[in-house]
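Take a look at the letters that make up each chain.
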Amino acid sequence: MEPLPDNWTDIQPDTVYVSISGLLVSFASEQIKLGLKYDFKGKHLKAIEKGQVPPRGNVGLVASQESGYDLKSKVLGKGGDRRFHAKFIDGILHFPGLVTEH
């Protein structure tokens, strides 16, 4: 399995990547488009790489409040107003392309 790239242009749709924390992740082509549009510096990819963290004051993955989704990326500072949501499918955290502003 390939390590998670730190740049959206290097991510292929529906390829399973492994993060430093050992989390298996994949991205739909719609999510990659949204990443290229909203995450120029790869902050969300760094958050995904880090894995689950406590919800206050941390960069990483936190619980999603969206129905049918398990986790969302959380970044601080510039670009921190958007969250990329994901759900576990057969043990792989899949990002289908849902972005919210919370």
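The notes below deal with the structure included here.

Focus on helix α1 (residues 29–38)
Every buried residue of α1 is listed here: Q31, I32, L34 and G35. Along the long axis of α1, the arc covered by the buried residues comes to 160°, so they all point the same way. With respect to the buried face of α1, the exposed residues turned more than 90 degrees away are K33 and K37. Summarising the contacts, the buried residues of α1 are in contact with β3 (24–27), β6 (83–89) and β7 (92–100).

Brief notes about the side chain of K74
By secondary structure assignment, the location of K74 is in strand β5 (residues 71–74). The side chain of K74 is buried and forms no salt bridge, while D81, the nearest opposite charge, is found at 13 Å. A polar contact is formed between the side chain of K74 and the backbone oxygen of P55, at a distance of 2.3 Å. Once residues within four sequence positions are removed from consideration, K74 is found in contact with A47, P55, R56, G57, N58, V59, G60, V62 and R83.

Some points on the packing of aromatic side chains
Counted under the stated rule, the structure contains three aromatic pairs. Seen from their ring centres, W8 and F27 are 5.4 Å apart, and the 80° between their planes marks the pair as edge-to-face. Taken together, the positions of W8 in the loop between β1 (2–3) and β2 (17–18) and F27 in strand β3 put the pair 19 residues apart, joining distant regions of the chain. Residue W8 is classed as buried on the basis of its relative accessible area of 3%. Using a relative accessible area of 0% as the deciding quantity, one classes F27 as buried. A centroid spacing of 5.3 Å and a plane angle of 20° characterise the contact between F27 and F95, whose relative ring orientation is stacked. One end of the pair, F27, is in strand β3; the other, F95, is in strand β7, with 68 residues separating them in the sequence.

Brief notes about the pairing of β7
The sheet contact formed by β3 and β7 spans three bridges and is parallel. Across the sheet, F27 pairs through a bridge with F95, a residue of β7. Sheet analysis places β6 next to β7, joined by six bridges and oriented antiparallel. By the bridge assignment, K87 is partnered in β7 with H94. Hairpin connection between β6 and β7: a loop of two residues separates the two successive antiparallel strands, and D90 in this loop has a positive phi of roughly 55°.

Things to note about the nonpolar core
What tends to happen in soluble globular proteins is that the nonpolar side chains get buried as a cluster. L4, I11, V25, F27, L93 and F95 are the most contacted members of the largest nonpolar core, which totals 16 residues. Ignoring any residue separated from it by four or fewer positions in sequence, one finds F95 in contact with V25, S26, F27, A28, Q31, I48, L61, F84, H85 and A86.

Considerations on the sheet that holds β6
A sheet is described by the order of its strands in space; here seven strands give the open sequence β1-β2-β3-β7-β6-β5-β4, paired in mixed fashion. Because the sheet does not close on itself, it has two edges, and the strands there are β1 and β4 (60–63). Running over the sheet, α1 touches β3, β6 and β7 and is turned about 55° from β7.

Cut-off values and rules
Residues numbered from 1 in each chain as written. Predicted model: local features only at pLDDT ≥ 70, side-chain atom pairs only at ≥ 80, totals over all residues. Heavy atoms only, no water. Buried < 20%, exposed > 50% of the residue type's maximum accessible area, 1.4 Å probe, protein only. Helix = DSSP H or I, 4+ residues; strand = E, 2+ residues; numbered from the N terminus. Arc of directions from axis to C-beta. Contact = heavy atoms within 4.5 Å. Lys, Arg positive; Asp, Glu negative; His and termini not counted. Salt bridge = Lys/Arg side-chain N within 4 Å of Asp/Glu carboxyl O. Polar contact = N/O pair within 3.5 Å; in protein donor to acceptor, adjacent residues only side chain to side chain. Phe/Tyr/Trp six-rings, centres within 6.5 Å; stacked < 30°, edge-to-face > 60°. Pairing = 2+ DSSP bridges. Core = buried A, V, L, I, M, F, W, Y, C linked by side-chain atoms within 4.5 Å. Axes fitted to C-alpha atoms, helices over the stretch in contact; angles between N-to-C directions.

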